[in-house]
Amino acid sequence: MEHLLEIKNLHVIYRGDEATVHAVNGLDFTLDRGATLGLVGETGAGKTTTALSVMRLLPDRIGTIEEGQILLDGIDITKASEGDMRVLRGSLVSMIFQDPMTSLNPTIRVGEQVGEVLELHRKDLSKEEIEKKVDEIFQLVGLPAERKMDYPHQFSGGMRQRIVIAIALACEPKLLLADEPTTALDVTIQAQVLDLMQELKEKLNTSTILITHDLGIVAETCDQVAIMYAGEIIEIGLAEDIFEAEDHHPYTVGLFGSIPDLSKKERRLHPIDGMMPDPSDLPSGCKFHTRCPRAAEQCSLQAQPLYQRGTHGIRCRLYADWEKQQ
Amino acid sequence: MFKYIGKRILMMIPVVLGISFIIFTILALTPGDPAQMILGENASLEAIEELREEMGLNENFLFRYVKYIGGAVTFHFGDSYRTGLPVVEEILTRLPNTLALAFFGIGLSVVIGVPIGIISAVKQYSVFDTVSLGLALIMTSIPAFWLGLMLLLLFALKLGWFPAIGITDWTGFILPSVTLAIGSMATMIRMTRSTMLEVIREDYIRTARAKGAGEGRIIRRHELRNALLPIITIIGINFGLQMGGAMICETVFSIPGMGSLMITSVRQKDVPMVMASVLFVAVAISLINLLIDILYAFIDPRIKSQYVKASR
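Residues numbered from 1 in each chain as written. Chains lettered and ligands numbered in written order. Predicted model: local features only at pLDDT ≥ 70, side-chain atom pairs only at ≥ 80, totals over all residues.

Visitor: Would you take a moment to explain the overall build of chain B for this structure?
Guide: Each helix and strand in chain B was counted, giving 14 helices and zero strands. Along the chain direction, N to C, the helices and strands of chain B fall in the order α-α-α-α-α-α-α-α-α-α-α-α-α-α. For chain B, the spread of C-alpha atoms along the three principal axes comes to 85 × 60 × 30 Å. In chain B, buried positions account for 32% of the 312 residues. In chain B, 71% of the contacts between residues at least 6 apart in sequence involve partners at least 24 apart. (Helix = DSSP H or I, 4+ residues; strand = E, 2+ residues; numbered from the N terminus. Buried ≥ 20, exposed ≤ 12 C-beta atoms within 10 Å, placed from the backbone. Contact = placed C-beta atoms within 7 Å.)

Structure, rendered in structure tokens:
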């Protein structure tokens, strides 16, 4: 088995009182062992939903996987029982959540919160061994071990994120889902946390899905990049394909265009016109056609498959001469 | 922490003084002459005047208040106008009854209400949830005196399981405690349910799930402790209510408690008795609230660190 994670035709919906939200609509990608995939897109593109689906932590009764398969290390997550999932969560796959300020339990000592993962998954360890392991993990993420007796409110945001990372990595999972791990942190701490994750990844050979909307971070850390829009991957490829190749989805072009270029003497930003479509009422055809500067008549009529050239795939009619997928 | 507790106990002094002053003023301003009450309708004016002088009622209001407080500090609360006996004696026989009633009543409502609230929240919108919310609605709507009477009719008169009157042993406490518990149980269920629902949606609960923790462990270790603060607050408020408001229950079940004592004493203008009763109840409520504030600190480390900072 070469791939650690394989997602096939994933559809996720959220059932609300009034409308059904189509958060993820036919997602396909694979992730190799030890590789890092950057999942990029605007807020509401379905990035977090994808990660929560892999964890099977979609909100109860509201979020459901409608269709598709998630194969993690050969196990079909969509069909696993809740009991099986409990065994997988924290040990095979773990997640770093967006906001370190709210992700830790305020009434439990941080050392215990890290130790809990070990307690749940490493039944072979004694209490003393768990304590020792917690000390090691604290050292690994750059926290003094004696601070494990403190409570979350006694730590700064960056240190809390280190604790969250420590929880996620305690059982050395094969897959780490990092949901905007640095968004809530200031820039200097961001760099520290990213370096830390990179370092740990190399040490533990963990595959990572890095969810972010910061293209700079992706360029620095990811081997592969997938760009999401309205619950679909509209462009995917190796980091070189996305950052160096000439051919791009018009949305990707817009995304890059919205980054200010300091070498040019321009005062204004270039945001993409319009808004992300309402996920409970998605447009027909290509979901980007309402905002696309290069939209043609056929775009609103026909949804496009992913066109592939080598490692690079784009979901746009402009690249119809590439190899068709599916 | 100890410094904080000491500080809080000191802060009770102005509170109790304030309460005593207000009650003393109200009693002094209400019409009706204690001397006349003691001697009866047909007493002569001279006799009344003489008794007023003897009781010190003709002296300045503030002077009387200071004198009263001076006595109270040394635990001399005076003699009852009604019986002539020291009021402390009467209160000390009645206060334990009221305290026991409040503890049993609240204890019962916590032991039953909190688990129901937790299950309701965890299984939100389930049949259990709907039924328990319906029950809570019924429980708040039932007037205490009616419920007390019905319980008396069924369990004391018809079935004869419990004594109908008075509290000769612990069985006498059961029916009144249930009556009190039913009223506060409704608040307990709703409060527990709503705070649990809030906690369930917190990010750190998702973190716990992501660790692979099971439902039972999440409730016990992660949710309950965080939901406890509002529940404890409710317990404190209820305790205050029951200390003064158990009167109906005491009347229905003929229990010699503080509520009925205060009502009779107020009617008869038994000033020393009213003053002392109110002061004892005030101190009891203050102590319970202090206890609850200390519990806060043990439950939530964030609050504890505030105390430690404040007492430095």
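Visitor: Is there a simple way to explain the nonpolar core in this structure?
Guide: Nonpolar side chains in soluble globular proteins generally cluster together in the buried interior. Among the nonpolar cores identified, the biggest contains 86 residues, and Val114(A), Ala166(A), Ala170(A), Leu177(A), Ile209(A), Ala226(A) and Ile227(A) are the most heavily contacted of them. The leading source of residues in this core is helix α5 (residues 157–169) of chain A, at seven residues. Apart from the residues lying within four places of it in its own chain, the contact partners of Ala226(A) are Phe29(A), Leu37(A), Leu39(A), Ile233(A) and Ile236(A). If you look at the next biggest cluster of nonpolar residues, it comprises 55 residues, including Phe77(B), Val178(B), Leu228(B) and Val281(B). (Core = buried A, V, L, I, M, F, W, Y, C linked by C-beta atoms within 7 Å.)

Visitor: Explanation requested: the domain arrangement of chain A in the structure shown.
Guide: One frequently used descriptor of interface size is the decrease in accessible area upon assembly of the parts. All names here are of chain A. Each assigned domain of chain A is listed with its residue range as follows: domain 1 (3–92 + 173–324) and domain 2 (105–172). Computed from C-alpha coordinates alone, the two centres of domain 1 and domain 2 are separated by 30 Å. Every contact between the two is made by 14 residues of domain 1 and, on the other side, 14 residues of domain 2. The dominant element in the side of domain 1 that touches domain 2, judged by the number of residues it contributes, is helix α6 (residues 187–204), at seven residues. Across the side of domain 1 that touches domain 2, the residue classes break down as 11 nonpolar, three polar and no charged. (Domains from an automatic or database assignment. Nonpolar A, V, L, I, M, F, W, Y, C, P; charged D, E, K, R; others polar.)

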